[in-house]
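# Structural characterization, general
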Amino acid sequence: MSEMNAETARRQTSSLGDEIVGRIDRLGTISESSNSLTRIFLSPEHRAAADLIMAWMGEAGMHAHLDAIGNVCGRYEGERAGLPCLVLGSHYDTVRDAGKWDGPLGLITAISCVADLHRRGRRMPFAIEVTGFADEEGVRFASTLLGSRAVAGTFSESVLGTRDGAGISMREALIQFGLDPDHVGAAARTRGELLAYIELHIEQGPVLEARNVPVGVVTAISGATRLAARLTGMAGHAGTVPMALRRDALAGAAECIAKIEELCCTDEGGLVGTVGYIHATPGATNVIPGQAHFTIDLRAPTDIHRKRAVADIVRQIEAIARRRKLALQLDVTHENRTVPCAPWLKAQVAEAVAAEGYPVFELPSGAGHDGMAMVDIADIAMIFVRCRGGISHHPDEHVEVADADAGARVLLRLIENFRPREAA
Ligand SMILES: [Zn+2]
């Protein structure tokens, strides 16, 4: 490209950041309450947001529709109709009292990139589909990735009976929304239709900011193991039982927590561990705690590493319980495999990042994303965009316009240079 053309192309895309941020602000006003952002699955706000997103898709030259689970789907045909598609997307539901960037940034950026191609009359040798997933966070029915699981064909009909806090089942909510719970399967796509799935998302952590880079290339979505632990000792009088004769369950739990933290802090493979919940009984100032429950959340960028760490931590907790004469019950309550980003696709993301003049910085995603479901029908890749202070799932979530623009440039370049796997 000549210098002149490069400058023209740059100018054409330089307003993407402004457009994206303007739309983030507009979508962020669609909430169940006026002073905070909450937009949950199958709510009136879900409907209003879907209509707005579909209007943007239409302006971008896409055919848009709502699928059988309430995802918004836009399709921009390639050089001829009916070609396999590159799928771009993210979710547009939120947690309670959310930030406005988590999810919508990836969805809105994808629409802006397609709009840019449309303005230039550019058609690719493949179709582009943009999907806004209706439920990733799982706030309403405590079951995550509902939108992407429906697309991947792994939606479990058993969740239709799940009830929300108001006692409304998912089946009833789908009907109220105007969807047919017996036809959720119609949202499913097949591997042959899809060339790849690419998601742009805010980092939701502080690493890019610390590295002073606007965008990052994701290596994998870290797998997670969650455990529930219960230590049982003997409750007793805080004044009369000598220290040597106590079986204090909470003191035992404290030792376990400190050990978990120590193991994670000394690990060099990206292991992170959190004890986010603890409850002791009887729970009185002057009573030795007889029982303590706590949870453990462990994540690592590879499954082997995580499984080794889980085994190690289980061994350590068992040893602490034995030494303190506490009965131990330890159960795995949740397990998610690591989902690696496909090397051939990740290489194209890295090329796009470098071509835009940014350093190529790779990092794993500690948070879960729709790619965890989409990987069942397509190779996946992710682009992270820096967010202020690494804050997410909070109203203070923030992305600078320049960084939103950087993410859009990378995604647009990636689309325009995309080679399907066979050709890559
Ligand atoms: Zn998200």
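In this report, the structure presented in the accompanying data block is examined. Since the structure is predicted, the reported quantities are computational estimates derived from the model, not experimental observations.

### Comments concerning the packing of aromatic side chains
Between two aromatic rings, the relevant description is the distance of the centres plus the angle of the planes. Using the criterion set out here, one finds four aromatic pairs in the structure. Ring centres of Phe41 and Phe141 lie 6.3 Å apart, and the angle between their planes is 85 degrees; this geometry places the pair in the edge-to-face category. Taken as a pair, Phe41 in the loop between helix 2 (16–27) and helix 3 (44–59) and Phe141 in the loop between strand 4 (127–133) and helix 5 (146–152) lie far apart in primary sequence, 100 residues in all. With respect to burial, Phe41 and Phe141 carry one shared label: buried. Plain terms: the ring middles of Phe126 and Phe418 are 5.2 Å apart, the flat faces sit at 80 degrees to each other, and that makes the pair edge-to-face. With Phe126 in the loop between helix 4 (104–119) and strand 4 and Phe418 in the segment after helix 12 (401–416), this pair connects stretches of sequence that are 292 residues apart. Taken together through their ring pairs, the aromatic side chains of Phe126, Trp344 and Phe418 make up a single cluster.

### Section: unusual backbone geometry
Glycine aside, residues mostly have negative phi angles, and peptide bonds mostly take the trans form. Geometrically, the link from Thr281 to Pro282 is a cis peptide bond, its omega value of 5 degrees lying close to zero. Here Pro282 shows up in the loop between strand 10 (278–281) and strand 11 (287–288). Backbone geometry places Asp97, a non-glycine residue, at a positive phi of 55 degrees. Accessibility expressed as a relative area gives 40% for Asp97, which makes it partly exposed. Although it is not a glycine, Lys325 adopts a positive phi angle of roughly 55 degrees. Structurally, Lys325 can be placed in the loop between helix 9 (303–323) and strand 13 (327–336).

### Considering the nonpolar core
Within the largest apolar cluster, 80 residues are counted, with the highest numbers of intra-cluster contacts made by Leu105 and Leu411. Broken down by element, the residue count for this core peaks at nine residues, all from helix 4. Residues in contact with Leu411, not counting those within four places in the same chain, are Leu88, Thr109, Ala110, Cys113, Ile198, Leu200 and Ile383.

### Quick word on helix 4
Here helix 4 contains 16 residues, and its C-alpha end-to-end distance of 22 Å stays within 8% of the 22 Å for a straight helix at 1.5 Å per residue. Taken across its 16 residues, helix 4 has 14 buried, putting it largely inside the fold. Positioned one or two residues after helix 4, Gly121 has a phi angle of 65 degrees, which is positive.

### Topic: helix 9
With 21 residues, helix 9 should reach 30 Å at 1.5 Å per residue; the first-to-last C-alpha distance of 30 Å fits that figure. Residues of helix 9 that are buried include every one of His305, Arg306, Ala309, Val310, Ile313, Val314, Ile317, Ile320 and Ala321, and no others. Taken down its axis, helix 9 places every buried residue within 165 degrees of arc, on the same side. Facing away from the buried side of helix 9 by over 90 degrees, the exposed positions are Ile304, Arg308, Arg315, Arg322 and Arg323. Of the residues trailing helix 9, Lys325 is marked for its positive phi of about 55 degrees.

### Focus: the pairing of strand 12 (residues 291–300)
Looking at chain direction, strand 7 (residues 223–232) and strand 12 are connected through ten bridges and run antiparallel. The residue of strand 12 that forms the bridge with Leu231 is Ala292. The pairing of strand 9 (residues 272–274) with strand 12 spans three bridges and is classified as antiparallel. Following the sheet pairing, Thr274 is matched in strand 12 by Asp297. Relative to strand 12, strand 10 runs antiparallel, the two being bridged by four bridges. Residue pairing in the sheet places Ala280 in a bridge with Ala292 of strand 12.

### Remarks on the pairing of strand 4
Most of strand 4 sits inside the fold, with seven of its seven residues counted as buried. Where burial is concerned, the two faces of strand 4 agree: the one with Ala127, Glu129, Thr131 and Phe133 and the one with Ile128, Val130 and Gly132 are both buried. In the sheet, strand 2 (residues 72–76) pairs with strand 4 via five bridges, with the strands oriented antiparallel. Paired with Val72 across the two strands is Gly132, which belongs to strand 4. By the bridge criterion, seven bridges tie strand 3 (residues 85–91) to strand 4 in an arrangement that is parallel. When the sheet's bridge partners are listed, Leu88 is paired in strand 4 with Val130. Between strand 3 and its parallel partner strand 4, the chain crosses via helix 4, and the hand of that crossover is right-handed.

### Brief notes about the coordination of the zinc ion
Ideal geometry at a metal centre gives angles of 109.5 degrees when four donors are arranged tetrahedrally and 90 or 180 degrees when six donors are arranged octahedrally. Within the protein, the atoms that donate to the zinc ion are His91 (NE2), Asp102 (OD) and His201 (NE2), at distances of 2.0 to 2.2 Å. Linear spacing of the donor residues for the zinc ion on their chain is H-x10-D-x98-H. With His91 in strand 3 and Asp102 in the loop between strand 3 and helix 4, this pair connects stretches of sequence that are eleven residues apart. When its relative accessible area of 0% is taken as the criterion, His91 is described as buried. Judged by its relative accessible area of 5%, Asp102 is buried.

### Here's the deal with the packing of helix 8 (residues 249–265) against helix 9
Where helix 8 contacts helix 9, the two axes come as close as 10 Å, and the packing angle between them is 150 degrees. The orientation of helix 8 with respect to helix 9, classified from their angle, is roughly antiparallel. The way helix 8 lies across helix 9 gives a crossing that is right-handed. Counted together, Gly252, Glu255, Cys256, Lys259, Ile260 and Leu263 of helix 8 and Asp312, Ile313, Gln316, Ile317, Ile320 and Arg323 of helix 9 form the full contact between these two elements. Of the residues that constitute the contact of helix 8 with helix 9, the class distribution is six nonpolar, two polar and four charged.

### What about the environment of Arg23?
Relative to the assigned elements, Arg23 resides in helix 2. It is 9.3 Å that separates the C-alpha atoms of Arg23 and Trp56, two residues lying 33 residues apart in sequence. Among residues more than four places away in sequence, those in contact with Arg23 are Trp56, Glu59, Ile108, Ile111 and Ser112.

Rules and cut-offs
- Residues numbered from 1 in each chain as written.
- Predicted model: local features only at pLDDT ≥ 70, side-chain atom pairs only at ≥ 80, totals over all residues.
- Heavy atoms only, no water.
- Phe/Tyr/Trp six-rings, centres within 6.5 Å; stacked < 30°, edge-to-face > 60°.
- Helix = DSSP H or I, 4+ residues; strand = E, 2+ residues; numbered from the N terminus.
- Buried < 20%, exposed > 50% of the residue type's maximum accessible area, 1.4 Å probe, protein only.
- Core = buried A, V, L, I, M, F, W, Y, C linked by side-chain atoms within 4.5 Å.
- Contact = heavy atoms within 4.5 Å.
- Expected span 1.5 Å × (residues − 1).
- Arc of directions from axis to C-beta.
- Pairing = 2+ DSSP bridges.
- Right-handed = clockwise from strand over helix to strand, strands pointing away.
- Donors = N, O, S within 2.8 Å, 3.2 Å for Na, K, Ca; no water.
- Axes fitted to C-alpha atoms, helices over the stretch in contact; angles between N-to-C directions.
- Parallel < 35°, antiparallel > 145°, perpendicular 65-115°, else oblique.
- Left-handed = near helix turned anticlockwise from the far one by under 90°.
- Nonpolar A, V, L, I, M, F, W, Y, C, P; charged D, E, K, R; others polar.

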